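# Inside the fold
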Amino acid sequence: MTTTVFATVRTALRNVMHWKPMLPLPRRGGSAALALLPLTERVPAMASPCRMHPSVYAIEAAVLDWARRTGLRADPGVGFHRMAGRAFAEFDAAAAALFAQWLTWLFHLDDELDEGTCQPDIFRGMLAGSARHPLEAAFADLWRVTSVRMSDRWRARFAVGLRRQHDACRAEADNRASGRMPTLEEYPELRRGTVGPYLYDLVEPCLRVEVPAWVVECEPWQQLVNACGDVTAWCNDVASRPKERGDVHNFVVLAMRQLGLGEREATAWVLDRIAGRCQDMRHAARRLPLDDLDPKTARDVSKVACAYLAAPRAHLDWLLESDRYA
């Protein structure tokens, strides 16, 4: 019986790595995002569009209602519900809606930090439970719903990720103030912080499971999460480059300036690294210690891993169709 369960879990992981198309290609958005299309020919897991959640319109309604209630901008054309609907296509609508709400909050935070309308100190307010700023109030609302079923260990892990984002955003702000450019070697770790490292921890409460601490700390899991974060962040850098208005905190811009490449060559250089990190995700997923877990925990860990493996193509589809990059 146990052997059958593990075989089913591993089959699920393989199926996510080689998902076949269920829907036509998404609408194509901004021209910068189109530069990512070669990945669909180079990376098997990104070859075909993700399935869309059958309740995607209900997910959209839940996100828009929450955004308006918490005072954040509600723009259906940005389509965070569609990104979550793809990443959580195999799970219930509540999981996708909660993740889409977090995405909405995260991108509002990112925009306001980039545009200088709020300071990195806002992270301290969120950790302290403040609700003076709309972003703090929205965070508090999401935190109440998200953390209720999770252990103190998970909450501490989330807080560490939030502090990492604060430190990375502060480092970017200091770079801008001093005119300093991060090196190509420094940038991946810095970008892994600004993208919101806790975003991947949120998959667990959305799916109402918790990955054991020793699994979270093991090398294959860390490699899977970090590679997924790098792929997401670097794809976003390619798509958002025209919006950066000269900001050097972008992998394409750094490759242009530090390697002396033209924009097309720099984009190709970044795509090479994205493809490599996709391979790292695949290898890490195969090395997860599922055989060392009881059947139920193995299924729970597999659910979270499957959501990570679906994320790169779900994100690509969203980048191609979202008004954010049109």
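Analysis parameters
Residues numbered from 1 in each chain as written. Predicted model: local features only at pLDDT ≥ 70, side-chain atom pairs only at ≥ 80, totals over all residues. Heavy atoms only, no water. Salt bridge = Lys/Arg side-chain N within 4 Å of Asp/Glu carboxyl O. Helix = DSSP H or I, 4+ residues; strand = E, 2+ residues; numbered from the N terminus. Buried < 20%, exposed > 50% of the residue type's maximum accessible area, 1.4 Å probe, protein only. Polar contact = N/O pair within 3.5 Å; in protein donor to acceptor, adjacent residues only side chain to side chain. Contact = heavy atoms within 4.5 Å. Phe/Tyr/Trp six-rings, centres within 6.5 Å; stacked < 30°, edge-to-face > 60°. Core = buried A, V, L, I, M, F, W, Y, C linked by side-chain atoms within 4.5 Å. Expected span 1.5 Å × (residues − 1). Axes fitted to C-alpha atoms, helices over the stretch in contact; angles between N-to-C directions. Parallel < 35°, antiparallel > 145°, perpendicular 65-115°, else oblique. Nonpolar A, V, L, I, M, F, W, Y, C, P; charged D, E, K, R; others polar.

Inspection of every chain in the model, using the stated rule, returns 25 salt bridges. Note that Asp280 is salt-bridged to Arg277, the shortest N-O span being 2.7 Å. A residue pair is termed a helical-turn pair when its members lie 3 or 4 positions apart in one helix, as Asp280 and Arg277 do in helix 15 (residues 263-286) at three residues. For Arg277, a relative accessible area of 12% corresponds to the buried category.

Residue placement: Thr194 occurs in helix 10 (residues 187-194). In this structure the side chain of Thr194 is engaged in a polar contact, spanning 3.2 Å, whose partner is the backbone oxygen of Arg191. When residues no more than four places from it in sequence are discounted, the contact partners of Thr194 are Gln165, Ala168, Cys169 and Glu172.

Take the packing of aromatic side chains next. On inspection of all chains with the given rule, the structure shows 21 aromatic pairs. For the pair Trp105 and Phe139, a centre-to-centre distance of 5.5 Å together with 45° between the ring planes defines the contact as tilted. Here the residue Trp105 occupies a position in helix 6 (residues 93-114), and Phe139 occupies one in helix 8 (residues 134-147), the gap between them amounting to 34 residues. Per residue, the accessibility class of Trp105 equals that of Phe139, and both read buried.

Moving on to the nonpolar core. Leu36, Trp105, Trp221 and Ile274 are the most contacted members of the largest nonpolar core, which totals 100 residues. Other than its neighbours up to four places away in sequence, Ile274 contacts Leu36, Leu39, Val231, Trp234 and Cys235.

This part takes up helix 10. The buried fraction of helix 10 amounts to seven of the eight residues, a majority that puts the element mostly inside the structure. What helix 10 keeps buried is the set Tyr187, Pro188, Leu190, Arg191, Arg192, Gly193 and Thr194. Along its buried surface, helix 10 packs onto helix 9 (152-178), helix 13 (219-240), helix 14 (251-259) and helix 15. Once helix 10 finishes, Gly196 follows within two positions and takes phi at roughly 95°, a positive value.

What follows covers the side chain of His53. Topologically, His53 is positioned in the loop between helix 3 (39-42) and helix 4 (56-70). On the basis of relative accessible area, His53 is assigned to the buried category, the value being 6%. Reaching out from His53, the side chain makes a polar contact with the backbone nitrogen of Ala93 at a distance of 3.5 Å. Those residues in contact with His53 that sit more than four places away from it in its chain are Ile59, Gly85, Phe88, Ala89, Phe91, Asp92 and Ala93.

Under the 1.5 Å per step criterion, the end-to-end length of helix 4 is 21 Å for 15 residues, consistent within 8% with the ideal 21 Å. Phi turns positive one or two residues past the end of helix 4, at Gly71, with a value near 85°.

All right, on to unusual backbone geometry then. In this structure, Arg208 takes a positive phi of about 60° despite not being glycine. Note on placement: Arg208 falls in the loop between helix 11 (203-207) and helix 12 (213-217). Its relative accessible area of 42% is what places Arg208 among the partly exposed residues.

Following the sequence through the fold, Glu112 ends up in helix 6. Using a relative accessible area of 17% as the deciding quantity, one classes Glu112 as buried. Taking C-alpha positions, Glu112 is 9.5 Å from Leu135, a pair spaced 23 residues apart along the chain.

In this section: the packing of helix 10 against helix 13. When two helices pack together, their arrangement is given by the angle between the helix axes and by the axis-to-axis distance. Two numbers describe how helix 10 lies on helix 13: the axes approach to 9 Å, and their chain directions differ by 90°. The angle between helix 10 and helix 13 falls in the class roughly perpendicular. Note on element contacts: helix 13 touches helix 10 through Asn226, Asp230, Ala233, Trp234, Asn236 and Asp237, opposite Tyr187, Pro188, Arg191 and Arg192. Considered class by class, the residues forming the contact of helix 10 with helix 13 number four nonpolar, two polar and four charged.

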